[in-house]
Amino acid sequence: MAIPTDVQEYVEKNIKLMISQTETYIPVIKIVFPYSKNLADGIYNLIIGSALSVFVNQYAIRMKYPTSEDFLEFGKLALKYRDQVDKFFK
């Protein structure tokens, strides 16, 4: 079963919003966390963690449970944005 289109769109909008906010805050992030060895991983994990919450909540609103295949699709969807976050820190 594929993720419903409206759920996918909602999750992707959330990810894109968080990526655009990250881009805005890059100078501050680098100052606040000067000793972090891999800020890209930390930021990506925060963004995807938030998106996962949105993903699960969208199913809850519909009174459904995501299947393991849905979570697999979520992982694929999230991975599409990994490079965008990495580019901020190169």
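Higher on the page you've got the structure.
The shown structure was predicted, so the numbers you read here are calculated from the model rather than taken from an experiment.

(A) Summary view of the environment of Gln84. Relative to the helices and strands, Gln84 resides in helix H4 (residues 82-88). A C-alpha to C-alpha distance of 30 Å links Gln84 and Ile61, two positions 23 residues apart in sequence.

(B) Representation of the side chain of Asn14 in the model. Within the fold, Asn14 resides in helix H1 (residues 5-32). A relative accessible area of 17% means that Asn14 is categorised as buried. If near-sequence neighbours (up to four positions away) are discounted, Asn14 is found in contact with Ser50, Ala51 and Val54.

(C) Region of the structure containing unusual backbone geometry. Of note in this structure, Met63 is not a glycine but carries a positive phi near 55 degrees. With respect to the helices, strands and loops of the structure, Met63 is situated in the loop between helix H2 (39-61) and helix H3 (68-79).

Thresholds, definitions, all that
Residues numbered from 1 in each chain as written. Predicted model: local features only at pLDDT ≥ 70, side-chain atom pairs only at ≥ 80, totals over all residues. Heavy atoms only, no water. Helix = DSSP H or I, 4+ residues; strand = E, 2+ residues; numbered from the N terminus. Buried < 20%, exposed > 50% of the residue type's maximum accessible area, 1.4 Å probe, protein only. Contact = heavy atoms within 4.5 Å.

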